[in-house]
Amino acid sequence: MTTTAKTLVTSVAIPKLKDQSLFKEAAFINNEWTTKNVTETFTVYDPATEKEIGKLPDMGAAETKEAIDIASKAFKTWSQTTGKERHDLLLKWFHALMENQEDLATILTWENGKTYAEAKGEIAYSASFFEWFAEEAVRTYGSVIPSHMPGQRFVTIKQPVGVVGIITPWNFPAAMITRKVGAALAAGCTVVIKPGAETPYSALALCELAKRVGIPEGVVNVVTTEKHVAAVGEELCTNPIIKKISFTGSTAVGKLLMKQSSGTMKKISMELGGNAPFIVFDDADIDKAIEGVLISKYRGTGQTCVCANRVYVQKGIYKEFAARLAEKVRSFKVGHGFDSTTTHGPLINNKAIEKVQKHLDDAVQKGGKILAGGKHLGGSFFEPTVIADMTKDMAIHTEETFGPLAALFEFETEEDVVALANDTPFGLAGYFFSRDIGRCWRVAEQLETGMVGVNTGLISSCYTPFGGVKESGVGREGSQFGIDDYMNIKYINMSF
């Protein structure tokens, strides 16, 4: 690789879209592409080159309120459609995503930076939520409760909560939207979406496909903003028409949105920060454990909320594991996501680089030893890094890095490592590798996380519940449970 990422990326041409109409430079409200006469704009940049991709209207509270009113009007009819009608439209939307997978992946790589292969994988993952929730739309079962009173019947039914405010981050520009919108639409809700300002074009491309497949006007709306994000978020959280907020992002922002939403007693789903432990016991299959770390830690260049943040390796295999992991990581190639030889793209911006560098410097100053990587390559590029000899007093132990930095801690006993793993206010995901079946059950149950990967570093799918405990959030997305967060249970007592 060249000495700086800048030299590498300047030679990479941005692929042309097969369907240029998927690239939209306006908000999407009431099935119309509009600026709502907003003259203020914000710029979206390619994180690999820092070159401008385009500009979008920087909307505020007034435009958000208008979108909410439109979604409220649409809810009156959308909520009365049958589950089969919603199933059919969501399935059409699923097929539209897969038919346009390459273009959608191109947009995603351009604005997010992840490799094109990884972006294509995200589009398939994104589409899967539309397919899954299409099938759930026709299975929102109620119940019949045996009555203790002659002449009375007790039944429950499920009904959509209403208009939903959706706020998504930049690290999965498509999947974070489909995971929420799929459930909301399947339930009979309408939505107003505020995508990450760094990656809004993926959201807008999804809306273009929604319009093409016949999602009715006002059901899906996107408000674009950067400077006025606080005002837009506050409008979504305080407007009484909005009945639910679904947010993915930091714990600090989640707490603020939760507080703002409390005034109107909204339902909430919060998928917040993590500090995932990754434990490797002496009896683990080392090859599989290394593969698990590589997937969990370095996917998306370390910018996922379920990334392994603290890697605990038992004393008996610590040195071997560290050396072999470092050897693998040294083979990675950092570069532009459109370069076919690139294994890992840039971080999203300079702020992300600064945090990785801060955590690395702190660890080195306190005795950490860099085994691989460790260099800022210019721009938003940072070498995938392995650092050993980590201790509890280092920032990485308590803070989520959100970058390509694998921090290795040595431990001695199962009891010790479970205590270390749980020594955090966060509880999103946890991982461990062991071939002792008894230990597998014990540790899986003892880890204070919403999700546990046992002998695997990849745990997410549309079929399984995604969410955390403690300060990592509330609610679940995906799976048979995901649609429940968008529905109310109504009990009916019928006397005759």
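Refer to the structure above for everything that follows.
Conventions and cut-offs
- Here the residue numbers are simple positions, counted from 1 along each chain's written sequence.
- Given that the model is predicted, a residue must reach a pLDDT of at least 70 before its local features are reported, and side-chain atom pairs must reach 80 or more before they are shown or counted; all residues, however, enter totals for whole chains, interfaces and linings.
- Note: side-chain values were computed over all heavy atoms of the structure, leaving out hydrogens and water.
- Residue types Ala, Val, Leu, Ile, Met, Phe, Trp, Tyr and Cys, when buried and joined through side-chain atoms within 4.5 Å, form a set referred to as a nonpolar core.
- For every residue, the accessible area (1.4 Å probe, protein chains only) is compared with the maximum for its type, and the residue is labelled buried under 20%, exposed over 50%, or partly exposed between those bounds.
- We call two residues contacting when some pair of their heavy atoms lies within 4.5 Å.
- Here, a disulfide means two cysteine sulfur atoms that sit within 2.5 Å of each other.
- Helix and strand definitions here come from DSSP, where helices need a minimum of 4 consecutive H or I residues and strands a minimum of 2 consecutive E residues; each element is numbered from the N-terminal end.
- Between N or O atoms, a polar contact is any pair within 3.5 Å; within protein, one atom must be a potential hydrogen donor and the other a potential acceptor, and residues adjacent in sequence are included only when both atoms are from side chains.
- Strand pairing follows a simple DSSP-based rule, namely that at least 2 bridges must link the two strands.
- Crossovers are described as right-handed under a simple rule: with the strands pointing away from the observer, the path leading from the first strand over the helix to the second runs clockwise.
- Buriedness of a pocket was judged along seven lines, with at least five required to meet protein on both sides within 12 Å; pockets are open sets of points on a 1 Å grid over the protein atoms alone, cavities are sets where a 1.4 Å probe fits but cannot get out, and lining residues have an atom within 4 Å of a point.
- Grid points are joined across faces, edges and corners, and a volume is the space filled by probe spheres set on the points.
- As a working rule, the residues Ala, Val, Leu, Ile, Met, Phe, Trp, Tyr, Cys and Pro are called nonpolar, Asp, Glu, Lys and Arg charged, and the rest polar, with Gly in that last group.

**A few points about the nonpolar core**
Counting residues in each nonpolar core, the largest one holds 65 residues, and the members touching the most others are Trp93, Val181, Leu185, Val191, Ile215 and Val220. Apart from the residues within four sequence positions on either side, Trp93 is in contact with Phe130, Val181, Leu185, Leu206, Leu209, Ala210, Val213, Ile215 and Val220. One finds Val280, Leu294, Ala406 and Phe466 within the second-largest nonpolar core, a separate group that totals 34 residues.

**Some details on the state of the cysteines**
In a disulfide, the sulfur atoms of two cysteines are held together by a covalent bond. Considering all chains together, one arrives at 0 disulfides under this definition. The structure places no disulfide on Cys462, whose sulfur is separated from the nearest cysteine sulfur, that of Cys305, by 17 Å.

**Comments concerning the side chain of Thr224**
In this structure, Thr224 sits in the loop between β9 (220-222) and α8 (229-238). Of note is the side chain of Thr224, whose polar atom sits 2.7 Å from the backbone oxygen of Pro57. If sequence neighbours within four positions are ignored, Thr224 has contacts with Ala27, Phe42, Leu56, Pro57, Asp58, Met59 and Leu204.

**Observations concerning the environment of Thr199**
Along the chain, Thr199 falls in the loop between β8 (190-194) and α7 (201-213). For the pair Thr199 and Phe172, spaced 27 residues apart in sequence, the C-alpha separation works out to 8.8 Å. If near-sequence neighbours (up to four positions away) are discounted, Thr199 is found in contact with Glu111, Asn112, Pro169, Trp170, Pro173 and Ile348.

**Digging into the pairing of strand β11 (residues 267-271)**
Burial analysis of β11 places 4 of its 5 residues in the buried class, which makes it a mostly covered element. Two strands pair when backbone bridges link them, and strand β10 (residues 242-248) and β11 are joined in this way by 5 bridges, in the parallel orientation. Residue pairing for β11: Thr248 is matched across the bridge by Glu271. Between the parallel elements β10 and β11, the chain passes through helix α9 (residues 251-261) in a crossover that is right-handed.

**Re empty space enclosed by the protein**
The final tally for this structure, using the stated rule, is 3 cavities of 30 Å³ or more. Its volume calculated, the largest cavity comes out at about 90 Å³. Around the largest cavity sit Tyr125, Phe172, Met176, Arg179, Glu271, Arg299, Thr304, Cys305, Val306, Ser460 and Phe466, which together line it. The residue makeup of the lining of the largest cavity, split by class, is 6 nonpolar, 2 polar and 3 charged.

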